[in-house]
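# Notes for the structure review
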Amino acid sequence: MPSESRSEKWHAAREITPEKLETARQILDAVRAGEDVYRAVRNHPLPEGGYLGKHVLVAAYRALVESGQWQQDQALLARIRMKPVRSLSGVTTVTVLTRPYPCVGKCVFCPPDARMPKSYLPDEPGAARAYQSHFDPYDQVNSRLVQLEAVGHPTDKIELLILGGTWSNYRRDYQEEFVRRC
């Protein structure tokens, strides 16, 4: 039997099953009763090992509210949200990277990875997302908005950061198209 690829394992871990939703409901009940989110998650390990991701907690919360079983509770959503400080002001930041492009600078501090725009490493989260979407600005924005929504962040007001290399070195038509596609 062929071994699972890294991508398949990642998708399997993020899959929301009825069993995970039931575990999420138990965790949410504990959090509503006053238990710390971290402690509640740790008290409900998954049978296959590991712990439930916050995206499952958010999905279970939303399902319970949509079904009418629970009233909407913004304070609870804020408690289960992943890294709540990121959108505390009501504005959520979305970062995209331009494609690698030759830079005239010879800065000693810039990593020389040809797969990335100057000054970025492929294992940084934003750079990894950009690489996975082949530096397509639309795909990067869409992917990030889906991820943020899944972990409970608001996506109705965003601050868009365009990073990567030296912007003034890119051709003007690339700059304009990149911004339009964002």
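Our structure is the block above this text.
Every chain is numbered independently, its residues counted from 1 as its sequence is written. Reporting of local features is limited, given that this is a predicted model, to residues whose pLDDT is at least 70; pairs of side-chain atoms are given and counted only at 80 or more, and all residues count toward the totals for whole chains, interfaces and linings. Neither water nor hydrogens contribute to the side-chain values; these are computed over all heavy atoms in the structure.

### Focus on the overall build of the chain
Test applied: Working definition: helices are DSSP H or I runs of at least four residues, strands are E runs of at least two. Numbering for both runs from the N terminus. Three exposure classes are used, based on accessible area relative to the maximum for each residue type with a 1.4 Å probe and protein chains only: buried under 20%, partly exposed in between, and exposed over 50%. The criterion used for residue contact is that any of the two residues' heavy atoms lie within 4.5 Å. Only the protein chains shown count as cover for residues, with accessible areas throughout obtained via the Shrake-Rupley method and a probe of 1.4 Å.
If you tally the helices and strands in the chain, you get eight helices and two strands. Listing the helices and strands of the chain from first to last along the sequence gives α-α-α-α-α-β-α-α-β-α. The burial tally for the chain puts 32% of its 182 residues in the buried class. Expressed as a percentage of contacts within the chain between residues at least 6 apart in sequence, the contacts between residues at least 24 apart total 63%. Surface accessibility of the chain: about 11600 Å² in total, with carbon and sulfur atoms responsible for 54%.

### A few points about the environment of Arg32
Locating Arg32 in the fold gives a position in helix α2 (residues 18-32). Overall, the relative accessible area of 46% leaves Arg32 in the partly exposed class. In this structure the C-alpha to C-alpha distance between Arg32 and Ala75, which are 43 residues apart in sequence, comes to 9.9 Å. Setting aside chain neighbours within four positions, we find Arg32 in contact with Trp70 and Leu76.

### Some words on the environment of Ser133
By the secondary structure assignment, Ser133 is in the loop between α6 (125-132) and α7 (137-150). Taking the C-alpha atoms as reference points, Ser133 and Ser143, separated by 10 residues in sequence, lie 8.5 Å from one another. In this structure, Ser133 is in contact with Asp139 and Gln140, ignoring residues within four places of it in sequence.

### Thoughts on the packing of α2 against helix α4 (residues 54-66)
Going by this rule: What counts as an axis is a line fitted to C-alpha atoms, over the stretch in contact for a helix, and the angles between N-to-C directions run from 0 to 180 degrees. By definition in this entry, angles of less than 35 degrees are roughly parallel, angles greater than 145 are roughly antiparallel, angles of 65 to 115 are roughly perpendicular, and the rest are oblique.
Two elements in contact, α2 and α4, have axes separated by 9 Å at closest approach and are oriented at 85°. Judged on the interaxial angle alone, α4 and α2 are roughly perpendicular. Contact residues: α2 offers Lys20, Leu21, Ala24, Arg25, Ile27 and Leu28, while α4 offers Val56, Leu57, Ala60, Tyr61 and Leu64.

### So, the packing of aromatic side chains
The following threshold applies: Each aromatic pair joins two rings of Phe, Tyr and Trp (for Trp, the six-membered one) with centres within 6.5 Å, and gets the label stacked for planes under 30 degrees apart, edge-to-face for over 60, and tilted for any other angle. The rule is short: NZ of Lys or CZ of Arg within 6 Å of the ring centre and within 35 degrees of the ring normal puts a charge over the ring.
By the definition in use, this model includes six aromatic pairs. Here Trp167 and Phe178 contribute two aromatic rings whose centre-to-centre distance is 6.4 Å and whose plane-to-plane angle is 70°, an arrangement assigned as edge-to-face. Of this pair, Trp167 sits in the loop between β2 (158-163) and α8 (172-181) while Phe178 is found in helix α8, placing the two residues 11 residues apart along the sequence. Classification of Trp167 as partly exposed rests on a relative accessible area of 33%. According to the relative accessible area criterion, Phe178 is buried, its value standing at 2%. Three or more aromatic residues joined by ring pairs make a cluster, and in this case those are Tyr101, Trp167, Tyr170, Tyr174 and Phe178. Lying across the ring of Trp70, Arg32 places its NZ or CZ 3.9 Å from the centre.

### Some points on the pattern of salt bridges
For side chains of opposite charge, pairing can occur when their charged atoms come near one another. Heads up, the rule is: Salt bridge, as applied in this entry: a Lys or Arg side-chain nitrogen positioned within 4 Å of an Asp or Glu carboxyl oxygen.
Within this structure, the stated rule accounts for five salt bridges. The partner of Asp173 in a salt bridge is Arg171, and the shortest N-O contact between them spans 3.0 Å. Overall, Arg171 belongs to the partly exposed group, its relative accessible area being 42%.

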